[in-house]
Amino acid sequence: MEDMPDRDEIERALRSHDADYVEVRLDDTATNRIVYRGRELEEIGRIRSFGGNVRALVRGGWGFVSFNEPAELRKRVEEAISAAHHVGRETSMLAEVPPVVDSVRLKVKKDPRAIPLATKKEMLDRYNERMLSVEGVTSTNIMYSDSHKQVVFASSEGSYIEQERIDVVSRLSATARKNGDVQQASMSLGALNDFSYIEALDEIARHLGERAVELLSAPYVKAGTYPVVLDPILAGVFCHEAFGHLSESDFVYENERMKEIMVLGRQFGQPHLNIVDGAAVPGLRGSFRYDDEGVPAQETDLIREGILVGRLHSRETAGKMGERVTGNARAIDYRFPPIVRMTNTYIEPGNMSFEELIADIDEGVYARNWFGGTTSMEMFTFSAGEAYMIRNGKVAELLRPVKLTGNLFTTLMNIDALGNDMDFNQGGGCGKGGQMPLPVSNGSPHIRIQDVVVGER
Amino acid sequence: MSRWAGDWCDQEVSLTDAEPILAAARRLGAQQAEVFAVETNETPVRFEANRLKEINSRQTSGAALRVIVHGRIGFASSTKPGDVEQLVTAAVETAPFGPEARLDFPLNTEAPAVEVFDEAVESLPVDEMVEAGQSLIDAIRAIEPELLCDAYIRRGDSRVTIANTNGGMFTYRGTGYSAWVNGTLIRGTDMLFVGDGDASCRAQLDLGAVEASVVSQLENSRQTAEARTGELPVIFTPLGVASALIGPLTIAFSGRMVHQAQSPLVGCLGKEMYDVRVSVWDDATLRYRPGSRPFDDEGVASRRNALIEKGTVRSFLYDLQTAGLAKAESTGSAERSLAAQPSISTTSLVIDDGEMQFEKMVRSVREGLVVEELMGAGQGNVMGGDFSGNVLLGYKIEGGEITGRVKDTMVAGNVHETLKRLVAIGSESRWVGGSVRTPALFFESLTVSAK
């Protein structure tokens with residue numbers, strides 16, 4: 001990376017110190033961003049985010065220093081170590097990992113950097129026009145960005161890793177308004193190292209326009225408890241919120257009661273339920289070769305045949321819990337230390353067709369696409385971009401957006417059927433500990449859940 | 001890139017030194033240019049599982065550049081020291097594709113003297129922050145020893161500079177100090193989350209009030225109670241108002257949303273849309289509030305904006321570009337980070353006090369809910385004013401008394417409709433999250449769904 005300290009300088013800065021562990025991470029990210037609101041292009045620009053950090057561990061306490069000026073790296077190392085000394089009162093416990101020296105170069109399918117701004121703008125103009133040309137659409141929002149990120153990681157244990165990636169994200173949204181009533185239909189798409197993924201959204205754009213207008217005359221769901229069928233995109237969000245966050249060990253490792261709840265071997269679902277997380281699944285938004293502690297990416301079984309069999313770790317949570325590292329320590333950028341995060345999280349498919357999934361439902365809700373989701377660990381909510389009533393085994397009328405809520409200990413158990421299809425939602429960004437949006441993906445087949453509390457908005 | 005390299009002296013120019021950047025933008029053909037530069041130093045101290053876990057130090061500096069070339073706005077920003085040449089080139093290169101400029105960067109104007117800087121924060125020792133966090137955790141755990149607490153104590157100082165080619169030059173220093181504590185209590189598979197915090201520009205926080213708030217949350221949650229599905233009266237505490245209602249309410253006052261006909265309040269200026277007891281202000285001039293500043297992030301002088309006065313919609317909020325598009329005037333509401341162009345935002349949002357004490361509200365309810373925090377309220381049709389979420393922390397009222405905490409319960413409504421059907425506004429307002437001051441709000445009936 002241009003103007004960053006080179007390997008020699010970094011390794012010199014990491015030599016001879018009295019900390020248990022020290023690491024340096026340098027980050028140079030160039031982003032192109034285009035925003036539309038209605039017919040007006042609101043914003044177009046280039047954003048350069050350049051900086052680094054040093055993290056030091058002394059007797060179980062962490063010191064962390066971040067900066068934009070990469071000169072005087074040795075001084076930063078000393079500052080971080082001094083802060084760590086201030087904190088540390090116990091014993092450092094990092095899971096052992098072999099040092100890695102590697103340079104991971106881009107494998108780009110279609111490189112957004114090679115596409116002129118004029119071409120990107122023409123494409124977005126087209127999507128915008130598709131949405132605005134639907135009668136009744138009063139406004140739109142489009143957010144497009146592509147980011148090229150280069151990261152260097154080095155540790156006092158001898159790791160030195162260079163990695164780079166390109167994230168392409170596009171969010172389209174159409175608004176329809178009638179009297180005081182405002183309705184919106186949105187879609188987020190993302191891809192790793194591939195611009196082509198967002199090149200043919202014309203049909204989706206038109207569909208969003210039509211959907212926003214239809215919602216103005218759609219009814220609210222009658223609040224209550226229903227059997228619910230989720231499409232793969234929303235089921236992926238459900239999996240992320242309802243279970244994924246609970247499998248992040250930083251919520252567990254210092255919490256004796258949480259350890260009892262999340263004890264390996266506990267049954268969380270029926271025997272058909274299998275949930276996996278892994279950055280080693282190639283080509284998805286949550287994919288990478290090494291995490292931000294230099295640990296190689298893996299695939300980790302979280303739930304196998306309904307039983308909790310694994311969880312996600314940083315080196316510290318793995319060390320303290322005496323379990324194997326999983327390569328899930330991630331930081332959004334140089335301003336933050338890595339924390340335990342998901343990567344690509346998915347429910348494995350079963351064997352039912354969509355028609356079979358809904359056939360037995362007299363009155364239920366079919367929820368598709370996502371608006372958002374959040375969790376408190378025990379309880380979670382997630383909201384659908386589209387929803388329909390299911391009546392007598394058939395998809396019936398369109399509903400206004402619904403919100404679904406559940407409880408970890410009952411809702412996973414209530415998944416009673418899994419579809420035979422599979423898709424990944426790559427348009428979302430995950431937030432935790434002030435670090436948002438972190439690129440992740442989540443996937444699932446269609447799933448059916450009994451007894452879900454559905455709210456009317 | 002090389003066409004002006006000859007003009008450039010070899011010595012590195014700091015990104016926070018605006019003059020050379022403006023000069024370079026002019027040389028590359030910008031008719032107007034504006035630099036927004038920030039330097040911040042932050043020290044967050046983090047406690048995990050009742051113990052000190054991590055001391056951080058974050059230094060950030062960088063600049064954003066807006067240029068107007070042939071009537072269009074180009075933009076670039078950078079945090080790379082000395083990255084002036086690339087910054088200016090990128091901004092000018094994006095301009096031909098950018099939006100038509102409907103603004104002129106402002107001249108120097110009279111800005112109010114707003115106090116946002118306290119030297120005591122700058123020199124606050126880390127030991128004192130550690131002490132503050134530990135004593136807060138200890139005080140709360142004295143009430144409930146099984147509580148597992150995380151805390152986050154942060155001090156920070158910043159310098160903001162805005163300079164433009166019209167001669168406008170605005171700069172100020174600000175400080176911030178805040179403390180947050182979150183506690184988790186797990187019994188079997190039941191998880192209770194409590195928490196609160198305080199923030200100020202001064203090195204003085206009311207940790208006693210934070211402690212008292214968390215203790216009251218714990219006491220109200222000792223028992224659990226069953227909510228039922230139906231239309232029920234609901235009282236939002238100040239924390240509840242901030243977590244569920246402020247977002248969907250304030251987005252409707254964004255001049256950008258109004259101009260784009262995305263706000264439900266289009267055409268409502270001057271109309272009585274809410275209960276006449278409702279008055280809401282956006283005020284960037286309050287002393288030592290974290291949302292305060294002498295001028296906004298484009299250099300427009302801060303002021304106190306009435307959003308709702310006695311139920312009537314008084315004004316929408318504008319930055320310069322949106323004001324230009326909507327033929328309105330900037331309300332000093334431009335807010336920005338280095339990563340994007342200015343957007344419209346509230347500063348400190350203040351809802352005027354009402355007449356009823358919280359206890360009296362509770363006593364008057366035969367069956368209903370108190371909401372302290374609604375989880376997921378920011379999802380769904382926020383733009384249309386909808387709020388809905390799972391009651392992360394809230395209580396059941398039966399026969400005029402709080403009988404326990406509710407779970408697996410959703411509350412939903414539309415903020416523009418429910419603010420017409422208020423029973424009462426609380427008489428005891430407080431700051432929540434540093435930038436919202438609100439009393440409790442008591443609604444006649446909202447949709448409750450429960451298992």
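Residues numbered from 1 in each chain as written. Chains lettered and ligands numbered in written order. Predicted model: local features only at pLDDT ≥ 70, side-chain atom pairs only at ≥ 80, totals over all residues.

Concerning the overall build of chain A
Note the following rule: Helix numbering and strand numbering both begin at the N terminus, where a helix is a DSSP run of H or I of at least 4 residues and a strand a DSSP run of E of at least 2. Atoms counted for the radius of gyration: C-alpha only. Globule rule: 2.2 Å times residue count to the power 0.38. Here a residue counts as buried when 20 or more other C-beta atoms sit within 10 Å of its C-beta, as exposed when there are 12 or fewer, and as partly exposed otherwise, the C-beta atoms being derived from the backbone. We call two residues in contact when the distance between their C-beta atoms, placed using the backbone, is within 7 Å.
Tallying secondary structure elements over chain A gives nine helices and 24 strands in all. Relative to the compact-globule value of 23 Å for 457 residues, chain A shows a C-alpha radius of gyration of 23 Å, a close match. Judged by the C-alpha coordinates and their principal axes, chain A covers about 70 × 55 × 35 Å. Looking at the 457 residues of chain A, the share that counts as buried comes to 58%. Long-range contacts, defined here as pairs at least 24 residues apart, represent 74% of the contacts in chain A between residues at least 6 apart.

As for the environment of S383 of chain A
Of note, S383 of chain A is situated in strand β16 (residues 379-391). The spacing of S383 of chain A and L189 of chain A is 194 residues in sequence and 17 Å in space, taken between C-alpha atoms. Apart from the residues within four sequence positions on either side, S383 of chain A is in contact with F371, G372, P401 and K403 of chain A together with G376, Q379 and G380 of chain B.

Quick notes on helix α4 (residues 126-143) of chain B
Residues and elements named next belong to chain B. Rules: Helix span, expected: 1.5 Å multiplied by one less than the number of residues in the helix. Summarising the geometry, the arc corresponds to the directions from the helix axis toward the C-beta atoms.
Between its first and last C-alpha atoms α4 spans 27 Å; for 18 residues at 1.5 Å apiece the expected length is 26 Å, and the two agree. Listed in full, the buried residues belonging to α4 are M129, G133, L136, I137 and I140. Across the axial projection of α4, the buried residues extend over an arc of 90°, all falling on one side. Turned more than 90 degrees away from the buried face of α4, the exposed residues are D127, E131, S135, D138 and A142. Turning to α4, the residues buried within the fold contact β1 (32-48), β4 (148-164), β5 (169-187) and α5 (207-220).

A few points about the domain arrangement of chain A
Residue and element names in this part refer to chain A. Convention followed: Source of the domain bounds: an automatic or database domain assignment. Residues are grouped as follows: Ala, Val, Leu, Ile, Met, Phe, Trp, Tyr, Cys and Pro are nonpolar; Asp, Glu, Lys and Arg are charged; all remaining types, including Gly, are polar.
Entries for chain A in the domain assignment read domain 1 (7-216) and domain 2 (224-455). Between domain 1 and domain 2, the C-alpha centre-to-centre distance is 22 Å. In this assembly, 38 residues from domain 1 lie in contact with 30 residues from domain 2. Within the residue set of the side of domain 1 that touches domain 2, elements represented by two or more residues are β1 (21-37), β2 (40-58), β3 (61-67), β5 (137-155), β6 (160-178), β7 (181-192) and α4 (202-216). Of all the elements, β7 adds the most residues to the side of domain 1 that touches domain 2, at eight residues. The class makeup of the residues in the side of domain 1 that touches domain 2 is 18 nonpolar, twelve polar and eight charged.

Looking at the packing of α4 of chain B against α5 of chain B
Residue and element names in this part refer to chain B. Inclusion rule: Between N-to-C directions, angles cover 0 to 180 degrees, with each direction set by a line fitted to C-alpha atoms, over the stretch in contact for helices. For this classification, under 35 degrees means roughly parallel, over 145 means roughly antiparallel, 65 to 115 means roughly perpendicular, and everything else is oblique. If you view the pair so one helix is near and one far, a crossing is left-handed when the near helix is turned anticlockwise from the far one by less than a right angle, and right-handed when it is turned clockwise.
At a closest axis distance of 10 Å, the pairing of α4 and α5 adopts a crossing angle of 30°. In terms of their interaxial angle, α4 and α5 are classed as roughly parallel. The crossing of α4 and α5 is right-handed. In this structure, α4 contributes A132, L136, A139, I140 and I143 to the contact, and α5 contributes L207, V210, E211, V214, V215 and L218. Across the contact of α4 with α5, the residue classes tally to ten nonpolar, no polar and one charged.

Structural notes on the sheet that holds strand β8 (residues 280-283) of chain B
Two modes of strand pairing occur in sheets, parallel and antiparallel, and in both the strands are linked by backbone hydrogen bonds. All names here are of chain B. Basically, it comes down to this: Any two strands between which DSSP finds at least two bridges are classified as paired.
In spatial order, the strands read β10-β9-β8-β13-β20-β19; together these six strands make up an open sheet with mixed pairing. The open sheet has two edge strands, β10 (312-313) and β19 (430-432), and neither has a second partner. As defined by bridge partners, strand β9 (residues 304-309) adjoins β10 across two bridges and the pair is classed as antiparallel. Looking at β10, one finds that E309 is bridged to T312.

Topic: the domain arrangement of chain B
Residue and element names in this part refer to chain B. Domain annotation of chain B identifies domain 1 (2-39 + 60-97), domain 2 (119-220) and domain 3 (224-451). Put simply, the middle of domain 2 and the middle of domain 3, counted by C-alpha atoms, are 22 Å apart. Elements with a contribution of two residues or more to the side of domain 2 that touches domain 3: β5, β6 (190-200) and α5. Among the elements that make up the side of domain 2 that touches domain 3, the one with the highest residue count is β5 (five residues). Of the residues belonging to the side of domain 2 that touches domain 3, the class tally is seven nonpolar, seven polar and one charged.

Description of helix α5 (residues 232-242) of chain A
Taking burial as the measure, the eleven residues of α5 of chain A include eleven buried ones, the bulk of the element. Looking only at α5 of chain A, the buried set comprises P232, I233, L234, A235, G236, V237, F238, C239, H240, E241 and A242 of chain A.

A word on the nonpolar core
All names here are of chain B. Note the cut-off: Connectivity within a nonpolar core runs through C-beta atoms within 7 Å, and the core itself is a set of buried Ala, Val, Leu, Ile, Met, Phe, Trp, Tyr and Cys residues.
I21, A25, L65, A91 and L369 are the most contacted members of the largest nonpolar core, which has 260 residues in total. Among the elements that make up this core, the one with the highest residue count is strand β2 (residues 51-69) (eight residues). Once you skip the residues sitting within four places of it in the chain, L369 turns out to touch A227, L232, V234, G394, Y395, K396, I397, V406, V411 and V448.

Quick word on the sheet that holds strand β10 (residues 299-304) of chain A
Residues and elements named next belong to chain A. Within the open sheet, the six strands sit side by side as β11-β10-β9-β14-β23-β20. Their pairing is mixed. In this open sheet, the two strands that pair with only one neighbour each are β11 (307-308) and β20 (423-425). In this structure, β20 lies alongside strand β23 (residues 441-444), joined through three bridges in antiparallel fashion. Bridge pairing in β23 links N425 to N442. Taken strand by strand, α5 contacts β9 (275-278), β14 (344-347), β20 and β23, and its axis lies near 115° from that of β23.

Points about unusual backbone geometry
All names here are of chain A. Put simply, M436 and P437 share a cis peptide bond, and its omega is -5°. Considering the arrangement of structural elements, one finds P437 in strand β22 (residues 435-439). Unlike most non-glycine residues, S16 shows phi in positive territory, near 40°. Mapping S16 onto the fold places it in the loop between α1 (7-13) and β1. Note on S16: 6 C-beta atoms within 10 Å, which makes it exposed. Positive phi, normally seen in glycine, also occurs at N179, with a value near 50°. Within the secondary structure, N179 sits in the loop between β6 and β7.

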